[in-house]
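What the coordinates show
Chain residues, written in single-letter form:
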Amino acid sequence: MDADTRPSPSLRGLPSVDQVLKTPAAAPALERHGRAPLTQAVRAALAQAREAVLEGRLAAPLSPEEVALAAVEALEHRARPSLRPVFNLTGTVLHTNLGRALLAEEAIEAATAAMRAAVALEFDLAGGGRGERDDHVRELLVELTGAEDATVVNNNAAAVLIALNTLGQGREAVVSRGELIEIGGAFRMPDIMARAGVTLIEVGTTNRTHAKDYAGALGEATGLVLKVHTSNYRIEGFTKEVPARELADIAHAKGVPLVNDLGSGTLFDLARIGLAHEPTVREAVAEGADIVTFSGDKLLGGPQTGFIVGRADLIARINRNPMKRALRVDKIRLAALEATLRLYRDPERLRARLPTLRLLARTREELAALAATLIGPVGARLGAGFTVEVADCASQIGSGALPLETLPSTALAIRPSNGSGGALNALQAALRDLPVPIIGRIAEGALLLDLRCLEDEAGFLDSLRHVEVPA
Ligand SMILES: *Cc1c(COP(=O)(O)O)cnc(C)c1O
């Protein structure tokens, strides 16, 4: 017999959709979400109640209020945006899976303004004719890198793709075997080369490549020499690479350009905030590379972008490539980018204004002081099932900048009082389920919340108030 047609007195006891919609609990949800979504949620809640009745899982009859509360909760849950802010307490400042760089307030304002209004994107306000979208950042990039000219595309992967395609399609690109990188996802240099229509000529060995290896590979069919910053790994021990300056001379002697993919690249000397020196874009240009490519949302601290800077004649060829249109950036990002680059004109205040640098520059002492203020409220919130301690830890930059360099940092180390690893995983899941999820990392039997990227303590504690601590 069909379950729904089976007569049952308690089924008849369930409220009607109308009764539920008229409850005080439903009123604010009606205002917030609209009638159709709320009605649908009420129907779904009633269907669940009906099932519970039929399976004998319902002890007491449900009131209209109770059904309304269940419907509203389901509706609220579904109304949460999929792309939500989180607290990045992983210790990786530029976390690709968490969206990399946080933008400066100046960039956020510029992007917001560009979203609200028409902008002179490709419109020359002086002459009234057509303009170029690159014009908004070209001068800044030239000033900040020392290059002759510059253009921007969707991301650095796109920058590499279009540079290779423009300079090397149907020809050969010479690369060291030690630099045939995989960045993650589907970005593997040999695959990108194939898609760019370039024939890969590998030279040297995994650990050692010499000047003569390059020189011997250059010939009639060579379109370019490519140097790739080994951004997410180091080959150590018995190694040899050819410095960019020497490589530029070798390429130029044969009349071919040197393309240097810097990956993260930076416009700021990280040594100024006590980190190891990461090659700056200006240095790469000065070393003689004809084209330098780098990312906007790694160390530079801006929106996702790929920069291509270098010789004016080559940039002009890249701009004429039909791929450029497919890889271009929109007005929102261009506005954020221009505002970010402007901040670099004032290096003294850059550290305070640019979140990426500000977070990287925080000292362990600063973070330990922050930890001292949090340990009490966090411990109280998690209850007797967990212990919370202040612990030294090591943050990393992320996104392939200085892969072996770590930053001394401080974490809240959370351990289950009964020592069970299952409790830690359950707590990690509960923190991911918060209104603003808290993302930490598990290491050596503890859930570490690295405080380097925590700037909104009040928001953090507020979100933590909602945690359902696992038993
Ligand atoms: C990160 C990186 C890329 C890809 O840059 P995206 O901006 O992520 O597209 C390419 N090359 C190197 C060396 C990198 O480090």
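Note that the structure is a prediction, hence the values are computed from the model and not measured. (Residues numbered from 1 in each chain as written. Predicted model: local features only at pLDDT ≥ 70, side-chain atom pairs only at ≥ 80, totals over all residues. Heavy atoms only, no water.)

Looking only at helices and strands, the chain features 20 helices and 15 strands. With the C-alpha coordinates of the chain rotated into their principal frame, the extents come out at 90 × 55 × 50 Å. Looking at the chain residue by residue over its 471 residues, the buried ones come to 47%. In the chain, 75% of the contacts between residues at least 6 apart in sequence involve partners at least 24 apart. Entry remark: accessible area of the chain is about 22,500 Å², with carbon and sulfur atoms responsible for 52%. Seen as two clouds, the 52 positive and the 58 negative side-chain charges of the chain have centres 3 Å apart. (Helix = DSSP H or I, 4+ residues; strand = E, 2+ residues; numbered from the N terminus. Buried < 20%, exposed > 50% of the residue type's maximum accessible area, 1.4 Å probe, protein only. Contact = heavy atoms within 4.5 Å. Areas by Shrake-Rupley, 256 points an atom, 1.4 Å probe, with all protein chains shown as cover. Lys, Arg positive; Asp, Glu negative; His and termini not counted. Charge placed at Lys NZ, Arg CZ, Asp CG, Glu CD.)

Domain assignment breaks the chain into domain 1 (3–79), domain 2 (87–97 + 359–464) and domain 3 (105–353). Look at where the C-alpha atoms of domain 2 and domain 3 centre, and you get two points 34 Å apart. Contacts between the two partners involve 12 residues from domain 2, matched on the other side by 16 residues from domain 3. A buried area of about 1,100 Å², summed over both sides, lies between domain 2 and domain 3, and 70% of it is on carbon and sulfur atoms. Our count for the domain 2 to domain 3 interface comes out at zero salt bridges. Our enumeration of links across domain 2 and domain 3 arrives at one residue pair in polar contact (both at pLDDT 80 or more). Contributions of two or more residues to the side of domain 2 that touches domain 3 are made by α17 (355–361) and β12 (401–416). Here the element with the most residues in the side of domain 2 that touches domain 3 is β12; it accounts for six residues. (Domains from an automatic or database assignment. Buried area = accessible area lost by both parts, 1.4 Å probe. Salt bridge = Lys/Arg side-chain N within 4 Å of Asp/Glu carboxyl O. Polar contact = N/O pair within 3.5 Å; in protein donor to acceptor, adjacent residues only side chain to side chain.)

What follows is about the layout of surface pockets. Roughly 930 Å³ of volume is contained in the largest pocket. Among the secondary structure elements, those contributing two or more residues to the lining of the largest pocket are β1 (87–88), α6 (105–116), α16 (347–353) and α17. Per-element tally for the lining of the largest pocket: the top contributor is α17, with four residues. Considered class by class, the residues forming the lining of the largest pocket number 18 nonpolar, six polar and seven charged. The residues that make up the lining of the largest pocket include at least three from each of domain 2 (87–97 + 359–464) and domain 3 (105–353). (1 Å grid on protein atoms, 1.4 Å probe; cavity = no way out; pocket = protein on both sides within 12 Å on 5 of 7 lines; lining within 4 Å. Points joined across faces, edges and corners; volume = space filled by probe spheres on them. Nonpolar A, V, L, I, M, F, W, Y, C, P; charged D, E, K, R; others polar.)

Here we come to helix α5 (residues 64–79). The terminal C-alpha atoms of α5 lie 22 Å apart, and with 16 residues this matches the ideal 22 Å at 1.5 Å per residue to within 8%. Inspection of α5 places Val67, Ala68, Ala71, Val72 and Leu75 among the buried residues, and these make up the whole buried set. Looking down the long axis of α5, one finds its buried residues gathered within 130° of arc, a one-sided arrangement. For α5, the exposed residues lying more than 90 degrees away from the buried face are Leu69 and Glu73. Its buried side turned inward, α5 meets α2 (17–21), α3 (26–33) and α4 (35–54). (Expected span 1.5 Å × (residues − 1). Arc of directions from axis to C-beta.)

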